[in-house]
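Structural features, examined
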Amino acid sequence: MQLTGPELEILKSLWQQQPLTGKEIHQRMESLYGWSYSSTRKTLERMAQKNYVSVETQGNKKIYSALLDKVPTLAAFVKDFSERVLEIDGNLPVAMFSGSQLFEQDELSELEAHLNTLQQQKNN
């Protein structure tokens, strides 16, 4: 799975608070990227096709929720970035995420477990 920057931002918004309407997501994307509503809507449609988000229709509103779990998704993203961009081959120290606003303290041990699993899969 290769998340784009905007896809990751949408997921981060949903992990913080879900469900969100398309309009609520668009307000966040507009402030980050200056997007039109159609750009946000198209990205959300693609994310639904990829099974990254679920869509529920309530009247004339579309309500979105994340289908990807935060910690395993971010672990895979971090592992890919560290190998592909930083050329780090080996275990990543989870302590470097302790100041992150994305992770709660209890999620750090889960993150470490996912990163270790990804490293073991790579070594096998």
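Placed above this text is the structure.
Residues numbered from 1 in each chain as written. Predicted model: local features only at pLDDT ≥ 70, side-chain atom pairs only at ≥ 80, totals over all residues. Heavy atoms only, no water.

Some thoughts on the sheet that holds strand 1 (residues 20-21)
The strand order across the open sheet formed by three strands is 1-3-2, and the pairing between neighbours is antiparallel. Each edge of the open sheet carries a strand with a single partner, namely strand 1 and strand 2 (53-58). Relative to strand 3 (residues 61-66), strand 2 is paired through six bridges, and the arrangement is antiparallel. What sits directly across from Ser 54, in strand 3, is Ser 65. Sheet strands touched by helix 1 (residues 5-16): strand 1, strand 2 and strand 3. Its angle to strand 3, the strand with the most contacts, is close to 90°. (Pairing = 2+ DSSP bridges. Helix = DSSP H or I, 4+ residues; strand = E, 2+ residues; numbered from the N terminus. Contact = heavy atoms within 4.5 Å. Axes fitted to C-alpha atoms, helices over the stretch in contact; angles between N-to-C directions.)

Focus: the pattern of salt bridges
Any two side chains of opposite charge can pair, on the condition that their charged atoms come close. A complete count under the given rule lists five salt bridges for this structure. Across the salt bridge formed by Lys 12 and Glu 9, the nearest N and O atoms sit 3.2 Å from each other. In this pair, Lys 12 and Glu 9 are both assigned in helix 1, three residues apart and thus about one turn of the helix distant. Using a relative accessible area of 22% as the deciding quantity, one classes Glu 9 as partly exposed. As a salt-bridge pair, Glu 45 and Arg 41 come within 3.8 Å of each other at their nearest N and O atoms. Of this pair, Glu 45 and Arg 41 both sit in helix 3 (residues 37-49), four residues apart, which is roughly one turn of the helix. Judged by relative accessible area, Glu 45 falls into the partly exposed class, the value being 33%. (Salt bridge = Lys/Arg side-chain N within 4 Å of Asp/Glu carboxyl O. Buried < 20%, exposed > 50% of the residue type's maximum accessible area, 1.4 Å probe, protein only.)

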